[in-house]
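# Reading the structure
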Amino acid sequence: MAVREVAADQERRDQALTACCMAVVAESDPVLAPSRRSRLLMDCLAVLRAAHRPERAAQIGMKEFRQGLRGPLGPLLPSASGRPDRFDSMELFDAQGLARDAVKDLCSEHLVPQAALEQYWPWARVRAEQEEQRLFDLMRRLSPEEYRCARTLLGTHAAGSVRELSRQWDRLWMRFDFFESVADWPWCQVDGWWYPCPVCRWPMRTLRSGPLFDVRCEAHAPRGVHYRYTPGKGPGPGELTGTGKAAVPVTPLPASSDHLAVNRHVWRYGTLPVLLELQLRDELEGLPFVELEMWPGEQRPDEYDVHITVAVPGKRTRHWRVDAKAWESVVALGKALSDRPVLRKGLTIVLPDHQHSERHFLAAQVRGRGVKVTTVSRLAKQVKDACGAPR
């Protein structure tokens, strides 16, 4: 079995184990409302079944799931390597029907936040937090120079041909395993081709609209990155016509196995924030009295991303420690930030410009914690005003 297949099998087993642990925490809470418990168990069951082969998944219903949680876990877990491990014989309930202490430890070791267990997060949110944490853990292993290089590459080379990606990522290419084949993503293909977003370079989504197709970037459509595709009459790509103000011409690429893109979670929580940071850098670079430090290597990568200093002679020096966020849901982002035990005081959360009307909601969520919320353009204006540069 190939190394990649073994890794995928292990990931499915870890996913199933995490789902079982979360289900046990819900099952063992005597004061949890039955309706909420049922929703959580259905959520966990769906995750467990998704980790199995179709024929085995069809055999696991709610009855089998709840019964399986009260015995050795082996029958509920997919095999990772063909050899049993300690989890096959592990039981998650103690003799009194309560979750064993080891359950929370297992969740922590599989990057499930403590708040997820205490507040019964849905799996989608847990998975997003896991992938974001996994990306940060990979980044922390790099030297400061490699870390800054990797962050830049996430924003500028998130998709493309294997040849081009391996050339750009160079020594870092073999350090990460978050690239996937575009050939496995039917949602971005039309007539055997895919179109990279002109802003983030990630594959744009294709949606049939009668005889034509709408092609748009999920993140940058609000900026005007959307097109209309007309199928061609020959074997090549059809015609792509811009329908938005930012719909500059893009080159179609074959949806083949030698074209890769970072997975969705890395794109959402790695590529998109980096693009905001690069946009901010481009706006401010070269301004008088302004010093920009991108991705300070001596601090935790998830603490802040850009340090801006404005030191005008005769005036008070001003600092901004910027953490860029590109979540689709500001509501979910607010909950995630509120659940963090510590937020650095003096932190500025920066959102994309198209979320300017939602910044007040997020600011209310983190009120009292020394955190400010703004957008890229608004922050750029503040810095320009502080250094006396023309807008």
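Anyway, here's the lowdown on the structure attached to this text. (Residues numbered from 1 in each chain as written. Predicted model: local features only at pLDDT ≥ 70, side-chain atom pairs only at ≥ 80, totals over all residues. Heavy atoms only, no water.)

## Let's talk about the state of the cysteines
Test applied: The definition used for a disulfide is geometric: two cysteine sulfur atoms within 2.5 Å. Buried means the residue's accessible area, taken with a 1.4 Å probe over protein chains only, is under 20% of the maximum for its type, while exposed means over 50%, and partly exposed covers the values in between.
Counted under the stated rule, the structure contains zero disulfides. Here Cys 200 is not disulfide-linked; the sulfur of Cys 197 is the nearest cysteine sulfur, at 3.7 Å. Cysteine Cys 217 is unpaired, with the sulfur of Cys 197 as its nearest cysteine sulfur at 3.6 Å. Residue classification places Cys 217 among the buried residues on the basis of a relative accessible area of 1%.

## A short note on unusual backbone geometry
Test applied: Each helix is a run of H or I in the DSSP string that is no shorter than four residues. Each strand is a run of E no shorter than two, and both are numbered from the N terminus.
For Asp 170, which is not glycine, the phi torsion reads 50 degrees and is therefore positive. Within the secondary structure, Asp 170 sits in the loop between helix 10 (162-169) and strand 2 (179-181). Given the relative accessible area of 52%, Asp 170 is considered exposed. Even without being glycine, Phe 289 reaches a positive phi, approximately 70 degrees. Along the chain, Phe 289 turns up in the loop between helix 11 (264-284) and strand 10 (290-294).

## Remarks on the sheet that holds strand 6 (residues 226-230)
The following threshold applies: Strand pairing is assigned whenever DSSP identifies at least 2 bridges connecting the two strands. Lines fitted to C-alpha atoms define the axes here, with helix axes fitted over just the stretch in contact, and angles between the N-to-C directions of these axes take values from 0 to 180 degrees.
Pairing in this open sheet of four strands is antiparallel, and the strands run 4-5-6-7 from one edge to the other. The sheet terminates laterally at strand 4 (205-209) and strand 7 (239-242), the two strands that pair on one side only. Mean inter-strand twist for the sheet, computed between neighbouring axes without regard to direction, equals 30 degrees. Pairing of strand 4 with strand 5 (residues 212-216) involves five bridges; the strand directions are antiparallel. Along strand 5, the bridge assignment pairs Arg 205 with Arg 216.

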